[in-house]
Protein chains: 6
Amino acid sequence: MKNQDRYLRGLEKLKEVSGEAGERVIDNLKDIAPDFARYLIEFPYGDIYSRPGLDLKSREIAVVATLTALGNATPQLRVHIHGALNVGCSREEVVEVIMQTAIYAGFPTALNGLFSAKEVFKERDASRKS
Amino acid sequence: MKNQDRYLRGLEKLKEVSGEAGERVIDNLKDIAPDFARYLIEFPYGDIYSRPGLDLKSREIAVVATLTALGNATPQLRVHIHGALNVGCSREEVVEVIMQTAIYAGFPTALNGLFSAKEVFKERDASRKS
Amino acid sequence: MKNQDRYLRGLEKLKEVSGEAGERVIDNLKDIAPDFARYLIEFPYGDIYSRPGLDLKSREIAVVATLTALGNATPQLRVHIHGALNVGCSREEVVEVIMQTAIYAGFPTALNGLFSAKEVFKERDASRKS
Amino acid sequence: MKNQDRYLRGLEKLKEVSGEAGERVIDNLKDIAPDFARYLIEFPYGDIYSRPGLDLKSREIAVVATLTALGNATPQLRVHIHGALNVGCSREEVVEVIMQTAIYAGFPTALNGLFSAKEVFKERDASRKS
Amino acid sequence: MKNQDRYLRGLEKLKEVSGEAGERVIDNLKDIAPDFARYLIEFPYGDIYSRPGLDLKSREIAVVATLTALGNATPQLRVHIHGALNVGCSREEVVEVIMQTAIYAGFPTALNGLFSAKEVFKERDASRKS
Amino acid sequence: MKNQDRYLRGLEKLKEVSGEAGERVIDNLKDIAPDFARYLIEFPYGDIYSRPGLDLKSREIAVVATLTALGNATPQLRVHIHGALNVGCSREEVVEVIMQTAIYAGFPTALNGLFSAKEVFKERDASRKS
């Protein structure tokens, strides 16, 4: 396989999952670390997200849980709450995933995750997305 | 609702998800913090796991991702790799969830998660579980 | 015991420890996750904070230390710096607790904790609280 | 003040709080990083622990909470569960502090903290300490 | 050695590494925790940074990596991106250090580190520093 | 560029930095997640470690600092203490890097890092490596 194929496959997947928010991250990297923008497309999206064996909705459930638990990745959590909704999770499911993490990572990160979800839901209401 | 109902509902759910491993944790708490054993059944299992709005398999995907990412909860990760398999995840899905977290929490925690999965799979081979 | 009793006992304790700031968190959850607002009252405040065996001032010392060390829970740390002062800690004691965590969690989280304390103290000066 | 005074004051405090376990850490550092052994006596014990403004029992409550929440410092948590008991906490109070952190840092770190406490209590039973 | 010597040596080192940004942190501590300001000068800068055995540029590489990985210490990361550049790292080297941490601490903390670097580079462009 | 080239370049770099310990990790992944073994060679070693702009010794300084600070990646820290020594760091420099992280990530992770270094140095003494 050529590396160019990984890149194109990753770009496609980035658009599917993270939409405009993902493309904005790529743009913001261009003047400081353009290679890192490329890696971000190739490894996470071209390699991992493109794998068979787990559907995209389940991948986003795992990612929302991970980013909520880490607690120091708010911008990325918001991108992936959008992502979860983009690939078929309902708002209720997103809220349940975040509440589930309270058991393992504590109430503060879960609360901060729920408040991120609240803002994302408002943004989507404003642009009439589910 | 009586609190006794939460306890019984939680105990049922604990057995369904975490099986013997969950019961062993409860037993180990009895002489040091018996009330904490009760809370563990009531809040995580009686309240959160028992909620509608997200199927049990998706909850365990979120939990395996969270515990892998935290990186300092190895005994609990092993309990919930068992749990994910108990409620219908395939081994391949568990492996994919752990690999997915590498993007967000780094390669070391993902590696340690994969090695935990490897040990759990061996245990289940020995007792002929899928 | 009825679950309603846990809720009422927790609400009382929430008001005692976290005052208006705690009630604001509950309000902010109402449209996104009302059940989580209820759990927050029932488990942390109705179960844990209401236990005998450790006085409320010592509980808040433990909580300020924990939230400083986690480093990703600034809104909650501010609520509980208020909380520590509400249940009888002096400002000096709060500052000492935060400095103590520098040894174990590093200077940056301790510095950020001290700057949170500084803002909380200003808020309380403005409303003439000790 | 001479630095020698900080060292002697710190050594005194280390013995009071951490006893033999603290001295063993110092010994283990001697061949790899003897200066770090000295810093450990001077800054944490000579500077911070020796401050007025917060009693030693409250300091150890803060430390047990912090180390439980960090979750990756098991040997140090055990030293400071001993420490808390050495400076006047009851076993019940130590258990309450660890349970309190479950709210903020999650059930797994609290569980691991409780199991550390269980081992420390056994060690102290064997040497007939409270 | 007198403790006053540690303080003066530390203050010198603080100025060399962290410049005005470091002095601003010290100033901000004066009304809330003046002793902590003193400790910050004495232990990190007077003891650790002043040690032989590792050049200052390598120390700052270690510090930028550590603060990026922690992910909850943005103000301190910015101070030490300045610091790394102040003691001889090139901008390219700083960017490489941050990208290197992506492997171990995940893409989100690396992304947030790169965006901090971008802001620091802009500040330095504005004041014509390399 | 073909992806095969990334793999070969990464394998070369893995051997240079991590030696047998790195190859053992790859072997241990073969039955559970062979693709993850491939990614580990391609992205960290084939992409990041192979970049110009920062010498290999400085990269390993950043990695030892990161892994010490994370505190939950002991096996990987040991691999990279070996790695740092393999690419030209002295033992003294490794010890200094770990002590430097104490400021930012606390004494416990630094202590655990120093004890990992102590074990690695013993292993290397036994096989007569510097």
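Our structure is the block above this text.
Enquirer: Residues and numbers for the relation of the copies chain E and chain F, please.
Expert: Note on the identical chains: chain E maps onto chain F by a rotation of 180° and an axial translation of 0.0 Å, with an RMSD of 0.0 Å. Given the turn and translation reported, the copies of this chain are related as if by a two-fold rotation axis. Both copies contact each other with a shared surface, as 100% of the interface residues of chain E are interface residues in chain F too.

Enquirer: Explain the nonpolar core to me, using residue names and the numbers behind them.
Expert: Ranked by internal contacts, the top residues of the largest apolar core, which has 278 residues, are F36 of chain A, F36 of chain B, F36 of chain C, F36 of chain D, F36 of chain E together with F36 of chain F. Among all residues touching F36 of chain B, those that are not within four sequence positions of it are L29 of chain B together with M99, A102, F107, A110, L111 and L114 of chain D.

Enquirer: Report on unusual backbone geometry, specifying residues and quantitative values.
Expert: Excluding glycine, most residues fall at negative phi; most peptide bonds, likewise, are trans. Positioned with a positive phi, R128 of chain B is a non-glycine residue whose angle comes to about 55°. Mapping R128 of chain B onto the fold places it in the segment after α6 (107-126).

Enquirer: Kindly report on the interface of chain E and chain F, identifying the contributing residues and their values.
Expert: Taken together, the contacts link 30 residues of chain E with 30 residues of chain F. In this assembly, chain E packs against chain F so that about 2,700 Å² is buried in total across both faces, 71% of it on carbon and sulfur atoms. Interface area lost by chain E to chain F is led by E96, Q100 and Y104 of chain E, which between them contribute 24%. Inspection of the region where chain E meets chain F yields four salt bridges. The shortest N-O distance in the salt bridge between E96 of chain E and R51 of chain F comes to 2.9 Å. If you look at where chain E meets chain F, you find ten residue pairs in polar contact (both at pLDDT 80 or more). Listed by contribution, the elements that provide at least two residues to the side of chain E that touches chain F are α2 (34-48), α3 (56-70) and α5 (91-105) of chain E.

Enquirer: Outline the packing of aromatic side chains, supporting the account with residue identities and numerical values.
Expert: Under the defined criterion, the tally for this structure stands at 33 aromatic pairs over all chains. Aromatic side chains F36 of chain A and F107 of chain E sit 5.3 Å apart centroid to centroid with 35° between the ring planes, which places their arrangement in the tilted category. On the criterion of chain membership, the pair formed by F36 of chain A in helix α2 (residues 34-48) and F107 of chain E in helix α6 (residues 107-126) is interchain, its members lying in two chains. Taken together, F36, Y39 and F43 of chain A, F107 of chain B, F107 of chain E together with F36, Y39 and F43 of chain F form an aromatic cluster joined through their ring pairs.

Enquirer: Residue-level account of the relation of the copies chain B and chain A, with values.
Expert: Structural alignment of chain B on chain A gives an RMSD of 0.0 Å, achieved by rotating through 180° and translating 0.0 Å along the axis. Most of the interface of chain B is mirrored in chain A: 100% of its interface residues are interface residues there too.

Enquirer: An account of the interface of chain B and chain A is needed here, citing residue identities and associated values.
Expert: Contacts between the two partners involve 30 residues from chain B, matched on the other side by 30 residues from chain A. Of the roughly 2,700 Å² buried at the junction of chain B and chain A (both faces included), carbon and sulfur atoms supply 71%. Summed over the three residues of chain B that lose the most area to chain A, namely E96, Q100 and Y104 of chain B, the buried surface amounts to 23% of that side. The interface formed by chain B and chain A contains four salt bridges. Counting every contact that joins chain B to chain A gives ten residue pairs in polar contact (both at pLDDT 80 or more). Among the elements of the structure, α2 (34-48), α3 (56-70) and α5 (91-105) of chain B are those that each provide at least two residues to the side of chain B that touches chain A. Per-class residue counts for the side of chain B that touches chain A are 19 nonpolar, six polar and five charged.

Enquirer: Tell me about the packing of helix α1 (residues 3-29) of chain F against helix α2 (residues 34-48) of chain F, and name the residues and values.
Expert: All names here are of chain F. At a minimum axis separation of 7 Å, α1 and α2 run at an interaxial angle of 115°. In terms of their interaxial angle, α1 and α2 are classed as roughly perpendicular. Where α1 crosses over α2, the two elements pack in a sense that is right-handed. In terms of residue class, the contact of α1 with α2 is built from 14 nonpolar, four polar and six charged.

Enquirer: Give a description of the environment of V120 of chain A that names residues and reports values.
Expert: All names here are of chain A. Locating V120 in the fold gives a position in helix α6 (residues 107-126). The buried category is assigned to V120, whose relative accessible area is 0%. Through-space distance from the C-alpha of V120 to that of H82 is 6.8 Å; in sequence the pair is 38 residues apart. In this structure, V120 is in contact with R78, I81, H82 and L85, ignoring residues within four places of it in sequence.

Enquirer: Explain the side chain of R51 of chain A to me, using residue names and the numbers behind them.
Expert: Mapping R51 of chain A onto the fold places it in the loop between α2 and α3 (56-70). Within the structure, the side chain of R51 of chain A is placed 2.8 Å from the side chain of E96 of chain B, a separation counted as a polar contact. A distance of 2.9 Å separates the side chain of R51 of chain A from the side chain of Y39 of chain F, its partner in a polar contact. Leave out the neighbours within four places in its chain, and R51 of chain A touches R59 of chain A, E96 and M99 of chain B together with D35 and Y39 of chain F.

The rules behind the values
Residues numbered from 1 in each chain as written. Chains lettered and ligands numbered in written order. Predicted model: local features only at pLDDT ≥ 70, side-chain atom pairs only at ≥ 80, totals over all residues. Heavy atoms only, no water. Least-squares fit on C-alpha atoms with pLDDT ≥ 70 in both. Contact = heavy atoms within 4.5 Å. Core = buried A, V, L, I, M, F, W, Y, C linked by side-chain atoms within 4.5 Å. Buried < 20%, exposed > 50% of the residue type's maximum accessible area, 1.4 Å probe, protein only. Helix = DSSP H or I, 4+ residues; strand = E, 2+ residues; numbered from the N terminus. Buried area = accessible area lost by both parts, 1.4 Å probe. Salt bridge = Lys/Arg side-chain N within 4 Å of Asp/Glu carboxyl O. Polar contact = N/O pair within 3.5 Å; in protein donor to acceptor, adjacent residues only side chain to side chain. Phe/Tyr/Trp six-rings, centres within 6.5 Å; stacked < 30°, edge-to-face > 60°. Nonpolar A, V, L, I, M, F, W, Y, C, P; charged D, E, K, R; others polar. Axes fitted to C-alpha atoms, helices over the stretch in contact; angles between N-to-C directions. Parallel < 35°, antiparallel > 145°, perpendicular 65-115°, else oblique. Left-handed = near helix turned anticlockwise from the far one by under 90°.

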